[in-house]
Structure formats: C-alpha cells, structure tokens
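Summary of the model geometry
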Amino acid sequence: MNDITEAPRSFAPNRLAERRPGLLARGLFLTMDAVYGRAPSIEKFAALELVARVPYQAWESVAYVALTHVHGRVAFTRRIFEFVVEARHAQDNEQWHLVILEELLARSGARRSWLTARAIPQLLAVFYYHVSWLLYVIAPSLSYGLNADFEDHAERSYLAYVSAHPELEDAPWETAIAAEYGAPRTLAALLRRIAADEREHRDHSLARLTEPRFADEHGLAA
Ligand SMILES: [Fe+2]
Ligand SMILES: [Fe+2]
C-alpha cells in the first residue's frame, strides 16, 4: 500500500511505462469495455480489482514450486520466501481496493446484475490466473509485462474517472470496513490513492522485466 494520501493528479513520466500494451492486455481491456462500457465506472473498477489480484496469486503459487527446487541453498530459499511475502502483500492491497469499491457500490444503492457483478469478473479472473501462471512458467518477463500493462491501464482509468467527476473532490469518503486503508478525506483523494497503488504495482512489474525470476548469488535460477 502506498503511504501517501494524495497521489499526484498527472501521470508520472516513466520511460518504461510508455510501452504499448501487448495483445493479451488489449484483449482484456476490449472485453471489459464491451461488458462495462468504455468509460471508467465504479462497477468496472470493482470487476477490474477482482482480476487484478490473480497474477500475484499465480506468482506466489509458482514460487512455492520453486521452493522445492532449492535444497540446501539457504540464501536462495530466503530470497524466494521474500518474493512470496511480496506477492501476498500485493494481493492484500488489491483486496483492499476490491473491498472499498464494493462498499462504495453498496452505499450508492446501484443495481447490479449477477452476470456483470459476479459471473463475468470471476470468469475473467480464472482465465487471467491461468494465463499469468503459464506465461510466468514460460518466461517471467511475459507475465510481468502483462501485469505492467494491466496496472498501467488501471492507474490511468482511475485518474480519468476522477478528472471526469469533479464533484468527487467534495464528496466525503465514509467507510465502515476499510479504515485500515488510510484516511483519504474525499472520494477523489481515495481514488487517486488507489491509482498511486496501481502505479507502484506497475513500476514493480516493470522493474522485474529485466531481472531473472529467482536467481541466487551465482545467477543460477530455480
Ligand atoms: Fe487495484
Ligand atoms: Fe494493482
């Protein structure tokens, strides 16, 4: 989770982030646009957050397998363990986003269909989990690249939504279940903070694009 309560409103310049989204990422965005409309919305964000968690789950699962391949290499085991902790931390962060958005939707009294609120996000999540897992096994950089595209799209969508809804600047954020997330005072500040988390996730994945998956002190991978 990001420690700041007010994320910058403009996109941070990032050379690596100027990459064009890959085919899989574009397919996912088009599917979401077809189901939830092109314009960002809270319901669309809730679906997106359900999907956002699964790459980290997939990576955690692969790391467990790697742990069984490092017999006797204590320092290496420790590194993989840290990777697992990091993946869990990101999952918790995405889970907070989901909980917060579900609460916003419940408070708004929005009518939601079973298909768009439950079935489609779950199907997308199952698909995305297996793709993330498979890509990671084939080449970790493919999985990190897909996640970076996804997180970048999420950040931009949140920021676009806030700029399209200036009334959020004066709308107080009230929560009964997510106080641990922090204390943004307004809905605009809350969504900018979530956007900042997504940017952090994206930058993490971009940074890993150039690193081997689990390399020990001799550069050997599990
Ligand atoms: Fe998120
Ligand atoms: Fe994220």
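Residues numbered from 1 in each chain as written. Chains lettered and ligands numbered in written order. Predicted model: local features only at pLDDT ≥ 70, side-chain atom pairs only at ≥ 80, totals over all residues.

Considerations on the overall build of the protein
Looking only at helices and strands, the protein has 7 helices and 0 strands in total. The linear arrangement of helices and strands in the protein, starting from the amino end, is α-α-α-α-α-α-α. With 222 residues in all, the protein has 33% of them scored as buried. Contacts in the protein between residues far apart in sequence, at least 24 positions, make up 77% of those at least 6 positions apart. (Helix = DSSP H or I, 4+ residues; strand = E, 2+ residues; numbered from the N terminus. Buried ≥ 20, exposed ≤ 12 C-beta atoms within 10 Å, placed from the backbone. Contact = placed C-beta atoms within 7 Å.)

Concerning helix α4 (residues 74–108)
Relative to the 51 Å expected for 35 residues at 1.5 Å per residue, α4 spans 51 Å between its end C-alpha atoms, a close match to the ideal helical length. Considered for burial, the residues of α4 that qualify are Phe76, Ile80, Ala90, Asn93, Glu94, His97, Ile100, Leu101 and Leu104. Of the surrounding secondary structure, the elements contacted by the buried residues of α4 are α2 (42–52), α3 (54–67) and α7 (187–208). Trailing α4 by a residue or two, Gly109 shows a phi angle of about 75°, which is positive. (Expected span 1.5 Å × (residues − 1).)

Quick notes on the packing of α2 against α4
For the pair α2 and α4, interaxial distance at closest approach is 9 Å and the crossing angle is 155°. Judged by the inter-axis angle, α2 sits roughly antiparallel to α4. As α2 runs across α4, the sense of the crossing is left-handed. Only Glu94, His97, Leu98, Leu101, Glu102, Leu104 and Leu105 of α4 make contact with α2, whose side of the interface consists of Ile42, Glu43, Phe45, Ala46, Glu49, Leu50 and Ala52. Taken together, the residues of the contact of α2 with α4 break down into 9 nonpolar, 1 polar and 4 charged. (Axes fitted to C-alpha atoms, helices over the stretch in contact; angles between N-to-C directions. Parallel < 35°, antiparallel > 145°, perpendicular 65-115°, else oblique. Left-handed = near helix turned anticlockwise from the far one by under 90°. Nonpolar A, V, L, I, M, F, W, Y, C, P; charged D, E, K, R; others polar.)

Digging into the packing of α2 against helix α5 (residues 114–138)
Packed helices, taken two at a time, are described by their axes: the angle between them and the distance between them. Close contact between α2 and α5 brings their axes to 8 Å; oriented N to C, the two are set at 35°. Our pair here, α2 against α5, has a crossing hand that is right-handed. Here Glu43, Ala47, Leu50 and Val51 of α2 lie close against α5, whose contacting residues are Thr116, Ile120, Pro121, Leu124, Ala125 and Tyr128.

What about the environment of Ile177?
Counting through the fold element by element, Ile177 comes out in the loop between α6 (140–164) and α7. Distance in space between the C-alpha atoms of Ile177 and Trp96 is 9.7 Å, their sequence separation being 81 residues. With residues near it in sequence (within four places) discarded, Ile177 still touches Val99 and Glu103.

Structural notes on the environment of Glu198
With respect to the element layout, Glu198 can be found in helix α7. The class for Glu198 is buried, based on 27 C-beta atoms found within 10 Å. Sequence-wise, Glu198 and Glu155 are 43 residues apart; in three dimensions their C-alpha atoms are separated by 5.3 Å. When neighbours within four sequence positions are excluded, Glu198 is seen to be in contact with Glu151, Ala154, Glu155 and Tyr158.

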